[in-house]
Amino acid sequence: MGRARGSVKKAPQLPQSPKKTHRKRPASSSKSLKVIEHLKEAGKEAHLKAKNTRDCYKGHVRRGREWLSGHFSGTDRDADEEWPAPDQLAEEEDPYSDPIFPHAFDRIPNKCSDKALALFLTFKGFHQNLGKGTFEGIHAAFKNLWDKADGDTYRGRWHFDQIKQRWEGNPVDSAEVDDIISSLKHKASSEDGNRKHSLPMSKDFMDRMLAWSLEACPLLDKALQALKRVLAGEPATIAFDATAWTLWTRCFELVKVKQCHVTIFDPVAVNHVLIKYLAGETLVLSDLSTCFDIHLKNRKGWQKKVDKGQSEPDLRSNHYKVYPQPDLRGSDTFFWLLLWMKWLEVFHYMRALEPGDCVFPAMGANGVIQPREQLSHDSVQKWINEATSGAGIPGSFSTHCFRRGGAQYRFMFAPVGQRWPLAKVRWWGGWAEQEHRDTLIRYLLDELHTYETDYSDALAPVPREANGSLLGEARLMEPMSTEEMRGVHTSITTDVRGLRVDLDSVAGAIRELTQAILQSHELPSAGPGSSGSTSKPEQPMVPLTIKIPPRLPAPSVTTASLPSPSSDLTPISGTGAGVIIPDVPVRCSDGTRRPKKESWRDIVKHWLTGDPELGLDVPLKDWPHEWTHGDNRLFAVKYHERSVIALEFLNTYKSDEERFLAAYPQAERGHTALLHAINSARRERGDRPSRLRRNRKPASEQADE
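Residues numbered from 1 in each chain as written. Predicted model: local features only at pLDDT ≥ 70, side-chain atom pairs only at ≥ 80, totals over all residues. Heavy atoms only, no water.

**Q** Help me understand the overall build of the protein chain in this model?
**A** Assigned secondary structure in the protein chain consists of 27 helices and seven strands. Considering only contacts within the protein chain whose residues lie at least 6 apart along the sequence, 60% involve residues at least 24 apart. Element-wise, carbon and sulfur atoms account for 55% of the exposed surface of the protein chain, whose accessible area totals about 43400 Å². (Helix = DSSP H or I, 4+ residues; strand = E, 2+ residues; numbered from the N terminus. Contact = heavy atoms within 4.5 Å. Areas by Shrake-Rupley, 256 points an atom, 1.4 Å probe, with all protein chains shown as cover.)

Next up, the structure:
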């Protein structure tokens, strides 16, 4: 019985536990769903549109609401007197007196929203006369606002649902707004008849801008051979242009590239190729196979590929391997981008680039680089305007010109065998596989169609007939006609006839010069008893030489032994060999000079063996007397100074470098200081008498240093 009673007492307790669990589940489920709802809205707000786009849309909506509220603040009545309403509107019911009109730009639209938006667009486009980009931005901002208002309720065409007795669709997609947008577009087109999209930046234009940059900054050519000289100009412009042209980037895509987006797989190999670039050496196949990777993380359209189910690690369309392109000097991204990054490290930061540093950073007003601040669009446009105007390139170019020009070059204008098919063009440009055909036509075929339907050269002697083949290539492969051959023959004959006249003129001038030279020299007599022997005494034949004054900026006599950097060589008259005295410190082939402490060794070398690479074929010790006297006496001082240094080392110190340097530590400071020390030592030894005349700097100090 006790067990029965115990079991009876416990039986009612069994359902209590399920009841407690049943009461807690609805509360817990309700709370989690609300949290998820907030997460959903926050996720859509953060990732449906880019941050810059969201900020731009918010600005347009905020300004629209401020404009609308200002018309219902009680001060708008005064403005109506200046702009009276049309008579037709005055007779009908005034729609703007509706009490819901001030709320037309709320998150939930009402029946007045399309009319209010049309008025706002009219105010911006016709009254304030703003550009096409402004009213298109307003149109997109309000469309985005109402698309997100209530699911699908406010998407599609704006209309009144008779069954539900409410307005549905998006007020932006209404006849009222469509008419205003079309009118504003027509207005913008009529006021600016010129085409607004940028001209393509061709390869020829890239080369011309590079030539202008080198001319505007003369030291740039030397700096490219060795990164040891600081210039007034920066290679940032060339690097940006070359990278944008090669990768077909938009401005906002390239300015956001950071150091972490550039991956160098083999730094040793890349630096080796860069050094060969700077030295002007020819790249071999292994050099041309060296590359580095650029990740355009902010490439436009990557979000759409995510929408199609592709995961971000699989999106290889925004990774680009950059190889050397020495044939494209003005757009060789491998060289110019690496050079610019090295430039930042060596001359600006004095450190290696950090992962967060911008590859193309902004520069402050004081000229200081801001590593973490990206370059502005206006700065890039300023570079383009300055380069195109300086290079004499006509037309209008925006920051989009590199994308159009690079794509057109690879598709149409590259050499035969190097052109890309359409599939490769689509991939490299980041266009989707289902990209609308009008986009590719606008980039690639519009220019080609314009070229092939251009008959401006119809009167040319040899028309190109571009509409017969791609870029008129068939015309280049056709054999010449008889008429064309006759025209070429006439042109060549005319040129040859003019050349003969010029040669005759030169020959006459040479004959007159020869006669004048011969008359200025007295010839020796033929022998005893000759008719001319009694008029004047017999004199030896004077050799016919042309005396060249020292330090001519452009020598009038050309010899095979004169190297191109004539500023470092002193030409003198002679018999064709050993016609210069090289300056010291000696200039190397890369434009730099040898250290000053090596100058005395170069002087000894010039004295003993000469230096054929510098044009000194005859050693100074073997020079005849007349090479440093007479009309060439101006070089006697320089020759004497070289001999003092060389003979002091060879004769006095018996070619013992250790004793020589111990006696003359001034040799570390250069040959001028060494010459002063040697002359002082010679005076103390009595080998050089003191002179009472005023001291004069040696010629080497005036000419060499």
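**Q** Explain empty space enclosed by the protein here, please?
**A** Regions of empty space are outlined by a rolling probe, equal in size to a water molecule, passed over the atoms. Per the counting criterion, the structure on display carries two cavities of 30 Å³ or more. Each pocket or cavity is described by its volume, and for the largest cavity that value is around 80 Å³. Taken together, Met206, Met209, Leu210, Trp212, Ser213, Thr237, Ile238, Asp241, Ala242, Gly330 and Ala387 make up the full set of residues lining the largest cavity. When residues of the lining of the largest cavity are traced back to their parent elements, those giving at least two are helix H9 (203-216) and helix H11 (236-247). Ranked by residue count, the leading element in the lining of the largest cavity is H9, at five residues. (1 Å grid on protein atoms, 1.4 Å probe; cavity = no way out; pocket = protein on both sides within 12 Å on 5 of 7 lines; lining within 4 Å. Points joined across faces, edges and corners; volume = space filled by probe spheres on them.)

**Q** What am I meant to see in a nonpolar patch on the surface here?
**A** A cluster of nonpolar side chains, Met480, Met485, Val488, Ile492 and Val496, forms an exposed patch at the surface whose accessible area comes to about 430 Å². Here Val488 shows up in helix H22 (residues 482-519). (Patch = residues over 30% accessible without salt bridge, like charges linked within 9 Å, V, L, I, M, F, W, Y side chains within 5 Å. Salt bridge = Lys/Arg side-chain N within 4 Å of Asp/Glu carboxyl O.)

**Q** Explain the pattern of salt bridges here, please?
**A** Proximity of charged atoms lets side chains of opposite charge pair with each other. Applying the stated rule across the entire model yields 21 salt bridges. Between Arg351 and Asp357 there is a salt bridge, with the nearest N and O atoms lying 3.0 Å from each other. Owing to a relative accessible area of 29%, Arg351 belongs among the partly exposed residues under this scheme. Put simply, Arg594, Glu598, Arg601, Asp602 and Glu657 are held in one network by salt bridges that share partners. (Buried < 20%, exposed > 50% of the residue type's maximum accessible area, 1.4 Å probe, protein only.)

**Q** It is not clear to me how the confidence of the model for the protein chain should be interpreted in this structure. Could you clarify?
**A** A low pLDDT score tells you not to read the predicted coordinates there in detail. Per-residue pLDDT for the protein chain has a mean of 74; in total, 67% of the residues score no lower than 70. Long-range and interchain partners of residues 88-92, a stretch whose pLDDT sits below 50, account for two contacts in this model, where long-range means more than four residues apart. Within the model, pLDDT remains below 50 along residues 311-315, and this stretch shows four contacts once partners closer than five positions in the same chain are excluded. (pLDDT = per-residue confidence, 0-100.)

**Q** Looking at this structure, how should I read the pairing of strand E4 (residues 292-295)?
**A** Remark: a regular strand shows side chains that alternate across the two faces of the sheet. Side-chain alternation along E4 places Phe292 and Ile294 on one buried face and Asp293 and His295 on a second face that is also buried. Looking at chain direction, strand E3 (residues 262-263) and E4 are connected through two bridges and run antiparallel. For Thr263, the partnering residue across the bridge sits in E4 and is Asp293. Two elements, E4 and strand E5 (residues 319-322), share four bridges in a ladder whose sense is antiparallel. Looking at the pairing, Asp293 lines up with Lys321 of E5. (Pairing = 2+ DSSP bridges.)

**Q** I would appreciate a short explanation of helix H18 (residues 401-413) in the present structure.
**A** Because each turn of an α-helix spans 3.6 residues, side chains separated by three or four positions in sequence point in the same direction. Given a rise of 1.5 Å per residue, 13 residues ought to cover 18 Å, yet the end C-alpha atoms of H18 are separated by just 15 Å, more than 12% below that figure. Along H18, the residues classified as buried are Cys401, Phe402, Arg403, Arg404, Gly405, Gly406, Ala407, Gln408, Tyr409, Arg410 and Met412. (Expected span 1.5 Å × (residues − 1).)

**Q** Looking at this structure, I do not really get the packing of aromatic side chains. What am I missing?
**A** What the rule picks out here adds up to 30 aromatic pairs. Chaining the aromatic ring pairs together yields one cluster made of Trp67, Phe105, Phe120, Phe123, Phe142 and Trp146. Taking NZ or CZ as reference, Arg351 lies 4.7 Å from the ring centre of Tyr349, over its face. (Phe/Tyr/Trp six-rings, centres within 6.5 Å; stacked < 30°, edge-to-face > 60°. Lys NZ or Arg CZ within 6 Å of the ring centre and 35° of its normal.)

**Q** Explain the sheet that holds E5 to me, please; I cannot follow it from the model alone.
**A** Across a sheet, paired strands are connected by hydrogen bonds in the backbone, their directions being either parallel or antiparallel. If you walk across this open sheet you meet the three strands as E3-E4-E5, and the pairing is antiparallel. Only two strands of the sheet have a single partner each, and these edge strands are E3 and E5.

**Q** When you look at the side chain of Asp293 in this model, what are you seeing that I'm missing?
**A** Topologically, Asp293 is positioned in strand E4. No salt bridge is formed by the buried Asp293; its nearest oppositely charged neighbour, Lys321, is found at 4.4 Å. If we ignore the near neighbours within four places in the chain, the residues touching Asp293 are His261, Val262, Thr263, Phe265, His319, Tyr320 and Lys321. (Lys, Arg positive; Asp, Glu negative; His and termini not counted.)

**Q** Is there a simple way to explain the packing of helix H23 (residues 599-608) against helix H24 (residues 636-652) in this structure?
**A** For any two helices packed against each other, one specifies the crossing angle of their axes together with the interaxial distance. Packing of H23 against H24 brings their axes to within 9 Å, and their N-to-C directions diverge by 95 degrees. Taken together, H23 and H24 sit at an angle that is classed as roughly perpendicular. Within the contact between the two elements, H23 uses Trp600, Ile603, Val604, Trp607 and Leu608 and H24 uses Tyr639, Arg642, Ser643, Ile645, Ala646, Leu647, Phe649 and Leu650. Of the residues assigned to the contact of H23 with H24, the class counts are 11 nonpolar, one polar and one charged. (Axes fitted to C-alpha atoms, helices over the stretch in contact; angles between N-to-C directions. Parallel < 35°, antiparallel > 145°, perpendicular 65-115°, else oblique. Nonpolar A, V, L, I, M, F, W, Y, C, P; charged D, E, K, R; others polar.)

**Q** Is there a simple way to think about the environment of Gln128 in this case?
**A** Locating Gln128 in the fold gives a position in the loop between helix H6 (113-127) and helix H7 (132-147). Within polar-contact distance, the side chain of Gln128 engages the side chain of Lys124 at 3.3 Å. (Polar contact = N/O pair within 3.5 Å; in protein donor to acceptor, adjacent residues only side chain to side chain.)

**Q** Looking at this structure, how should I read unusual backbone geometry?
**A** With an omega of 0 degrees, the peptide bond between Val584 and Pro585 qualifies as cis. In this structure, Gln165 takes a positive phi of about 55 degrees despite not being glycine. Relative to the assigned elements, Gln165 resides in the loop between strand E1 (159-161) and strand E2 (166-168).

**Q** Which parts of the structure should I look at to understand the nonpolar core?
**A** Core analysis: the biggest nonpolar cluster contains 63 residues, and Met201, Phe360 and Phe402 have the highest contact counts within it. For this core, the element with the highest residue contribution is helix H16 (residues 333-349), accounting for 12 residues. Once residues lying within four places of it in the same chain are set aside, the contact partners of Phe402 are Met201, Met206, Met209, Asp241, Ala244, Trp245 and Ile384. Counting residues in hydrophobic clusters, the runner-up holds 30 residues, among them Ile580, Trp627, Ile645 and Ala646. (Core = buried A, V, L, I, M, F, W, Y, C linked by side-chain atoms within 4.5 Å.)

**Q** Explanation requested: the environment of His676 in the structure shown.
**A** By the element assignment, His676 lies in helix H26 (residues 671-685). Residue classification places His676 among the partly exposed residues on the basis of a relative accessible area of 39%.

**Q** Can you help me understand H6 in this one?
**A** In this model H6 runs 20 Å from its N-terminal to its C-terminal C-alpha over 15 residues, within 8% of the 21 Å that 1.5 Å per residue would give. Within H6 the residues assigned to the buried category are Ser113, Asp114, Ala116, Leu117, Ala118, Phe120, Leu121, Lys124 and Gly125. Asn129 sits one or two positions beyond H6 and adopts a positive phi of about 60 degrees.

**Q** I tried to follow the packing of helix H3 (residues 51-70) against H6 on my own but got confused; where do I start?
**A** Where H3 contacts H6, the two axes come as close as 11 Å, and the packing angle between them is 100 degrees. With respect to each other, H3 and H6 are oriented roughly perpendicular. In this structure, H3 uses His60, Arg63, Gly64 and Trp67 to contact H6, whose residues at the interface are Ala116, Leu119, Phe120 and Phe123. Class assignment for the residues of the contact of H3 with H6 results in five nonpolar, two polar and one charged.

**Q** How should the environment of Asn679 be read in this particular structure?
**A** Residue position: Asn679 is located in helix H26. For Asn679, a relative accessible area of 12% translates into the label buried. In this structure the C-alpha to C-alpha distance between Asn679 and Glu648, which are 31 residues apart in sequence, comes to 9.9 Å.

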